[in-house]
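Each chain is listed here by its residues.
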Amino acid sequence: MNAPNLPVIDTLWDYDQPQLTELKFRELLSVAEKSENNAYYAELLTQLARTQSLQRKFDDAHEILNDAAQVIKGKNMPVAEIRYLLERGRTFNSANEKEKSITLFKEAYNKALAHNEDFYAIDAAHMLGIAEKPEDQLYWNIKAMELAEKSTETRAKKWLGSLYNNIGWTYHDLKDYLKALSLFEKSLSWRINQKDERGVFIAKWTIGRACRSLDRIDEAIKIQNELLDEMRQKKLNPSGFVFEELAECLLIKNKNNEAKKYFNKAYEILSKDIWLKANEPARLERLNQLGK
């Protein structure tokens, strides 16, 4: 939802920089409120809340969502309501309140379908593929993928790269590494066709990770070294995940001294990741110990 003289909200997002996105949204907030476009203002509030949940400021996110709920209450603004349900659900999910999030995602999914909002229906299904119990995740991810593949909305189809990736990880968690690799390769092809350089980089990394799980270690090392070269040549921000993968592969090859160097580099970068600190402290501690 946008309005005359107001920017399209989603074009302001940088999901890697929620703090900077928050500043953009806060600058726009008073302008949006004065515009008297309540639907736009409500949607903006939901996205401001998302910047808070990405920074793990869950109480702040819920407070902003309470404000959005008041704007929406009693009015016919289905997209704003769907986005409210999604962001309330994401906030609960990020705080590990899975059951609350699942109820909200299902409500968002059904409402989006009822209003022919494919993009948001796919978003809700993909979130259910994350929040649901492991045995139900694949069902929702495949439902999201099928909806994206048959949708006529260009924006809805843009979900496909992420969905191929997510389904690949679901298969990986189920230890079906060949199926995971197949989905990661599908994601890479899609990203290449979209000319999505960052997505291509990530998809290559996932293929390398699947190769390690399949015990194709030399192939995995080759892929990660190619990504390392790409980081250097294009002067990209160094990826702790590439360093971590190289370290793990080198450790398997008993190249302990070389592995130690990469474990150290991985820990230096990934220890600053707030999601990893909150959700995978043991993984970070392992990097720390192996990098010493």
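Our structure is the block above this text.
Starting from 1, residues in each chain are numbered consecutively following that chain's sequence as written. For this predicted model, a pLDDT threshold of at least 70 governs which residues receive local features, and a threshold of 80 or more governs which side-chain atom pairs are given and counted, while totals over whole chains, interfaces and linings are taken from all residues. Each side-chain value is derived from all of the structure's non-hydrogen atoms; neither hydrogens nor water enter the calculation.

A. Up close: helix α5 (residues 98-114). Under the DSSP-based scheme used, a helix requires at least four consecutive residues in state H or I and a strand at least two consecutive residues in state E, with every element numbered from the N terminus. What a helix should span is 1.5 Å times the count of its residues minus one. Over its 17 residues, α5 extends 24 Å from the first C-alpha to the last, a length consistent with the 24 Å expected when each residue adds 1.5 Å. Three labels apply to residues, based on accessible area from a 1.4 Å probe with only protein chains included: buried if under 20% of the type maximum, exposed if over 50%, partly exposed otherwise in between. Within α5 the residues assigned to the buried category are Ser101, Ile102, Leu104, Phe105, Ala108, Tyr109 and Ala112. Every residue pair with non-hydrogen atoms within 4.5 Å of one another is taken to be in contact. Buried residues in α5 make contact with α4 (78-94), α6 (118-131) and α7 (134-150). Of the residues trailing α5, asparagine 116 is marked for its positive phi of about 55 degrees.

B. Molecular detail of the nonpolar core. Counting residues in each nonpolar core, the largest one holds 92 residues, and the members touching the most others are Ile122 and Val242. For this core, the leading source of residues is α6, giving 9 residues. Take the buried residues of types Ala, Val, Leu, Ile, Met, Phe, Trp, Tyr and Cys, join any two whose side-chain atoms come within 4.5 Å, and each joined set is a nonpolar core.

C. Molecular detail of the environment of arginine 26. In this fold, arginine 26 is placed in helix α1 (residues 18-34). Those residues within four positions of arginine 26 in sequence are excluded, and the remaining contacts are Leu48, Gln52 and Ile64.

D. Examining the pattern of salt bridges more closely. Salt bridge, as used here, is a side-chain nitrogen of Lys or Arg placed within 4 Å of a carboxyl oxygen of Asp or Glu. With the rule as written, the count across this model stands at 25 salt bridges. For aspartate 218, the salt bridge goes to lysine 253, with nearest N and O atoms at 2.8 Å. Of the two residues, aspartate 218 sits in helix α12 (residues 217-234) while lysine 253 sits in the loop between α13 (240-252) and α14 (256-270), which places them 35 residues apart along the sequence. Measuring nitrogen to oxygen at the nearest pair gives 3.8 Å for the salt bridge that ties aspartate 229 to arginine 232. Of this pair, aspartate 229 and arginine 232 both sit in helix α12, 3 residues apart, which is roughly one turn of the helix. On the basis of relative accessible area, arginine 232 is assigned to the exposed category, the value being 54%.

E. The arrangement of the packing of aromatic side chains in detail. Here the aromatic set is Phe, Tyr and Trp, taking the six-membered ring for Trp, and pairing holds for ring centres within 6.5 Å; pairs whose planes are under 30 degrees apart are stacked, those over 60 apart are edge-to-face, and all others are tilted. Counted by the stated rule, this structure contains 10 aromatic pairs. Centroid distance tyrosine 109 to tryptophan 140: 5.2 Å. Interplanar angle 85 degrees. Geometry classified as edge-to-face. Placement of the pair is tyrosine 109 in helix α5 and tryptophan 140 in helix α7, with a sequence separation of 31 residues. Taken individually, tyrosine 109 and tryptophan 140 each receive the classification buried, so the pair is uniform in this respect. Relative to phenylalanine 241, the ring of tryptophan 205 lies with its centre 6.2 Å away and its plane at 70 degrees, an arrangement referred to as edge-to-face. Within this pair, whereas tryptophan 205 is found in helix α11 (residues 197-213), its partner phenylalanine 241 is found in helix α13, the two being separated by 36 residues in sequence. The class of tryptophan 205 is buried, set by a relative accessible area of 12%. On the basis of relative accessible area, phenylalanine 241 is assigned to the partly exposed category, the value being 30%. An aromatic cluster is defined as three or more aromatic residues linked by ring pairs; in this entry it consists of Trp169, Phe184, Trp205 and Phe241.

F. Layout of a negative patch on the surface. Taken together, the side chains of Asp59, Asp60, Glu63 and Asp67 present a region of like negative charge at the surface. Within the element layout of this structure, aspartate 67 appears in helix α3 (residues 58-72). Assessed through its relative accessible area of 44%, aspartate 67 is described here as partly exposed. Patches draw on residues past 30% relative accessible area with no salt bridge. Two like charges within 9 Å are joined, as are two nonpolar side chains (Val, Leu, Ile, Met, Phe, Trp, Tyr) within 5 Å. Reported accessibility uses the Shrake-Rupley method at a 1.4 Å probe radius. Residues are deemed covered only where the shown protein chains occlude them. Only four residue types enter the charge count, namely Lys and Arg as positive and Asp and Glu as negative; His and the chain termini do not. All charge positions are set by atom: Lys at NZ, Arg at CZ, Asp at CG, Glu at CD.

G. View of the packing of α4 against α6. Following both chains from N to C, one finds α4 and α6 inclined at 15 degrees, their axes separated by 11 Å at the closest point. Here α6 runs roughly parallel to α4, going by the angle between their axes. Between α4 and α6 lies a crossing of left-handed hand. Facing Val79, Ile82, Arg83, Leu86, Arg90 and Asn93 of α4, the residues of α6 in contact are Tyr120, Asp123, Ala124, His126, Met127, Ile130 and Ala131. Axis geometry follows a simple rule: fit a line to the C-alpha atoms, using only the stretch in contact for helices, then measure angles between N-to-C directions, giving values from 0 to 180 degrees. For classification, angles of less than 35 degrees are called roughly parallel, those exceeding 145 degrees roughly antiparallel, those between 65 and 115 degrees roughly perpendicular, and all remaining angles oblique. For any helix crossing, the convention is left-handed if the near helix is rotated counterclockwise from the far helix by under a right angle, and right-handed if that rotation is clockwise.

H. View of the environment of asparagine 166. Mapped onto the elements of the fold, asparagine 166 is located in helix α9 (residues 160-173). For asparagine 166, a relative accessible area of 18% puts it in the buried group. Spatially, the C-alpha atom of asparagine 166 lies 9.4 Å from that of alanine 180, the residues being 14 residues apart in sequence. Not counting residues within four places of it along the chain, the set of residues in contact with asparagine 166 comprises His126 and Asn141.

I. Expanded view of the state of the cysteines. Note on terminology: disulfide denotes any pair of cysteine sulfur atoms within 2.5 Å. What the rule picks out here adds up to 0 disulfides. Cysteine 211 takes part in no disulfide bond, and the closest cysteine sulfur, belonging to cysteine 249, lies 8.9 Å away.

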